[in-house]
Amino acid sequence: MVSFADLRAADPGAYDDMADHWARLASNLSATGGDIKTAVDGLADWGGEAAEAARAHFADVRSGYDTAAEYLEKVPPALRALADAITEAQDVIDGVANTVDSHRNLALDGGSGEVREIGGGPGDHRSEDERRRDRETAQDLSDTVRAALDDATEADRIATTALDSASPDSAGLELEAVGASNIITPSDIPGDDATPAEVKRWWDSLTPMEQESAVYTHGDMIGGMDGIPAEDRDRANRIRFAEEHTELTARRDELDGLGDDRTLAQDRELDSLNDTLRGLDSIDERLRAEPGDGTPQAYLLDYSTEGNGRGVVALGNPDTADNVVTSVPGTGSNLSGIGGELDRSELILAEADRLSRSSENAAITWVGYDAPQDLAAATSADYADGAAGDLRDFQDGLRATHTGDGSHNTVIGHSYGSTAIGHSAQGGELDVDNVVFIGSPGVGVDSASELDLPDGADVYASTAENDIIRGTPPFVHGPQPVGDDFGAEVFSSSPGTDGAWYTGGYSTEAHSEYWNQDSDSLDNMATIVVGGTPD
């Protein structure tokens with residue numbers, strides 16, 4: 001029996017939200033079943049006993065997805081019906097409460113929902129007939145409350161029955177695809193103190209079914225773990241990315257539809273959602289792109305919508321590539337603006353592919369740290385210190401998961417991104433073959449020899465002649481790496497856009513023109529990526 005207190009406290013909107021969640025899940029399962037069919041249809045030319053066994057197995061798996069989707073589709077209408085029944089019963093209760101509030105001789109018991117006639121004593125001047133009518137009114141209102149509770153109780157019973165009928169047991173589904181013995185729990189997953197190499201050894205020790213369990217049930221953990229192969233991280237992240245992208249888009253559209261009726265708080269929420277979705281849309285565009293004809297396969301290696309947001313996206317598979325470049329952007333970088341950073345990675349990758357057509361190349365956009373969002377914040381080394389360990393682990397992870405012969409790995413830091421790389425190469429080895437500082441204000445050390453890099457690693461630097469970053473004083477992040485005493489191998493960049501006379505000829509435009517088509521800097525960066533010597 002639903003109590004009066006439970007009914008008043010119930011939130012019907014929560015049931016509507018749950019219904020939306022289950023509807024999306026059912027849709028995803030149905031789509032997965034369709035994807036399996038498409039994939040199996042693509043094996044039509046495969047023959048033999050093994051092929052027949054595989055097709056039979058995948059048919060069973062697809063049937064499981066279709067059955068699960070069919071039964072889950074029963075959940076949303078049951079939850080929405082319950083939400084409607086609760087709303088209707090609460091409206092009745094509110095009407096009773098309003099009636100009681102307007103009548104001085106009636107009282108509503110907040111625990112039981114019973115309405116009583118009150119009064120009596122010296123101050124009560126009602127006649128006996130008036131008191132009798134008040135008692136009758138109290139009884140009628142009490143009966144109304146009880147009827148509303150009965151209706152809510154019946155709706156709860158119907159919803160419970162409907163939900164029970166959608167359970168795995170009712171659908172005849174068991175843990176066939178994974179198996180109870182193959183389930184991975186959070187306690188099985190290595191902790192934050194595990195190195196990427198240790199994570200890789202743990203991952204390799206799992207059976208394929210255990211790996212599937214980890215990907216589909218703990219994607220939020222697996223997707224961001226350095227030491228997990230790129231393809232597995234990508235699958236784990238795509239699952240939660242699609243769900244969050246859909247949820248945030250729906251909320252944005254809901255707020256947008258309110259128009260002038262939005263509150264100031266809702267206006268701020270809408271602005272924030274638009275910023276977040278700008279980044280998610282840019283990532284989604286790459287994830288949906290069909291590889292081929294110069295379009296690389298995209299891999300989502302990590303993302304977060306918390307704070308300024310983060311995103312780590314590889315264009316090409318870094319686990320199989322001969323040359324891998326990781327680009328670390330600087331001040332103002334965040335999830336919202338990741339589209340521009342992905343464009344830059346595409347330009348480097350295209351130039352690297354042009355220079356070395358026989359090699360497989362991959363370009364990673366690493367918005368994997370909380371970057372300073374303005375020039376004042378960029379004078380602090382705290383953001384670079386915060387990035388240091390994560391960038392080292394990420395590069396260690398690329399080494400751990402690479403298959404076959406080792407890859408030739410380069411990190412390119414632009415502006416404050418170079419400062420982040422410089423701090424990553426302190427307090428622990430940054431395992432790369434090349435470090436490239438572009439438009440750098442300083443990297444936290446006085447010379448390249450102070451960077452903790454593997455033997456034989458090269459340090460390169462370049463700053464455009466008109467780049468306004470040249471005006472950064474050395475007491476901010478140390479000497480700029482293009483100086484003669486720093487010890488980096490300095491290569492040429494195109495001068496960039498001229499600035500005004502009062503800026504000494506420096507411009508902010510020149511600070512962002514290193515990726516311009518046919519520029520010296522783009523050609524030289526790509527040359528370094530493929531193992532060549534820059535101009």
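Further up the page is the structure itself.
The following refers to the structure shown. (Residues numbered from 1 in each chain as written. Predicted model: local features only at pLDDT ≥ 70, side-chain atom pairs only at ≥ 80, totals over all residues. Heavy atoms only, no water.)

Digging into a negative patch on the surface
Together, Asp84, Glu88, Asp91, Asp150 and Asp151 make up a negatively charged patch on the protein surface. Of all the secondary-structure elements, those providing two or more residues to the negative patch are helix H4 (75-101) and helix H5 (128-165). At three residues, the largest contribution of residues to the negative patch is made by H4. Note that Asp150 resides in helix H5. Taking the relative accessible area as the measure of exposure, Asp150 reaches 44% and is therefore partly exposed. (Patch = residues over 30% accessible without salt bridge, like charges linked within 9 Å, V, L, I, M, F, W, Y side chains within 5 Å. Areas by Shrake-Rupley, 256 points an atom, 1.4 Å probe, with all protein chains shown as cover. Salt bridge = Lys/Arg side-chain N within 4 Å of Asp/Glu carboxyl O. Lys, Arg positive; Asp, Glu negative; His and termini not counted. Charge placed at Lys NZ, Arg CZ, Asp CG, Glu CD. Helix = DSSP H or I, 4+ residues; strand = E, 2+ residues; numbered from the N terminus. Buried < 20%, exposed > 50% of the residue type's maximum accessible area, 1.4 Å probe, protein only.)

Observations concerning the side chain of Asn105
Summarising the element assignment, Asn105 is placed in the loop between H4 and strand S1 (106-108). In this view, Asn105 contacts Arg116, Glu117, Ile118, Gly119, Arg126 and Asp134; residues no more than four positions away in its chain are not counted. (Contact = heavy atoms within 4.5 Å.)

Let's talk about unusual backbone geometry
For Ser415, which is not glycine, the phi torsion reads 55° and is therefore positive. Residue classification places Ser415 among the buried residues on the basis of a relative accessible area of 8%. Even without a glycine there, the phi angle at Asp518 is positive, about 65°. Following the sequence through the fold, Asp518 ends up in the loop between strand S10 (489-490) and helix H16 (520-529).

A few points about the pattern of salt bridges
Tallied over the entire structure, the rule returns 31 salt bridges. Arg262 serves as the salt-bridge partner of Asp267, at 2.7 Å between the closest nitrogen and oxygen. Accessibility expressed as a relative area gives 21% for Arg262, which makes it partly exposed. Here Glu341 and Arg344 are joined by a salt bridge, their closest N and O atoms 3.8 Å apart. With Glu341 and Arg344 both in helix H12 (residues 338-355) and three residues apart, the pair spans about one turn of that helix. Looking at Glu341, the relative accessible area reads 17%, which means it is buried. Relative accessible area serves as the criterion here: at 18%, Arg344 is assigned to the buried category.

Focus on the nonpolar core
Side chains of nonpolar character tend, in soluble globular proteins, to be buried together. Among the nonpolar cores identified, the biggest contains 38 residues, and Trp366, Tyr369, Ile421, Leu430, Val435, Phe437 and Leu453 are the most heavily contacted of them. Sorting the residues of this core by element identifies strand S3 (298-304), strand S4 (310-315), strand S5 (323-328), strand S6 (361-367), helix H13 (382-401), helix H14 (416-424), strand S8 (434-438) and strand S9 (458-462) as the ones contributing at least two each. Take this core: its biggest share by element is five residues, from H13. In contact with Tyr369, not counting residues within four places along its chain, are Arg310, Val328, Pro329, Gly330, Ser333, Tyr383, Ala387, Tyr416, Gly417 and Ala420. Of all hydrophobic cores here, the second largest spans 36 residues; its members include Leu287, Leu315, Ala464 and Val529. (Core = buried A, V, L, I, M, F, W, Y, C linked by side-chain atoms within 4.5 Å.)

Description of the packing of aromatic side chains
Per the stated rule, a full pass over the model turns up six aromatic pairs. Between Trp202 and Trp203, the aromatic rings sit 5.8 Å apart at their centres with planes inclined by 55°, giving tilted as the arrangement. Classification of Trp202 as buried rests on a relative accessible area of 14%. Seen in terms of ring centroids, Tyr383 and Tyr416 are 6.4 Å apart; in terms of plane orientation they differ by 80°. Their pairing is edge-to-face. Here Tyr416 lies in helix H14 and Tyr383 lies in helix H13, a separation of 33 residues in the sequence. The exposure class of Tyr383 is partly exposed, given its relative accessible area of 28%. An aromatic cluster is defined as three or more aromatic residues linked by ring pairs; in this entry it consists of Trp366, Tyr369 and Phe394. Over the aromatic face of Trp515 sits the side chain of Arg344, whose NZ or CZ is 4.0 Å from the ring centroid. (Phe/Tyr/Trp six-rings, centres within 6.5 Å; stacked < 30°, edge-to-face > 60°. Lys NZ or Arg CZ within 6 Å of the ring centre and 35° of its normal.)

Considerations on the environment of Val490
For Val490, the location among the structural elements is in strand S10. C-alpha of Val490 to C-alpha of Ala457: the two residues are 33 residues apart in sequence and 15 Å apart in space. With residues up to four places along the chain from it excluded, the contact list for Val490 reads Ala461, Pro481 and Val482.

Concerning the sheet that holds S8
The eight strands are arranged S3-S4-S6-S5-S7-S8-S9-S10 in an open sheet whose pairing can be described as mixed. Looking along the sheet, the strands with just one partner apiece sit at the ends: S3 and S10. Where S3 and S4 come together, six bridges link them in antiparallel fashion. Along S4, the bridge assignment pairs Ala298 with Leu315. Of the strands in this sheet, S4, S5, S6 and strand S7 (408-414) touch H12, which is tilted by about 160° from S6. The sheet strands contacting H13 are S3, S4, S5, S6 and S7, and the helix crosses S6 at an angle near 160°. (Pairing = 2+ DSSP bridges. Axes fitted to C-alpha atoms, helices over the stretch in contact; angles between N-to-C directions.)

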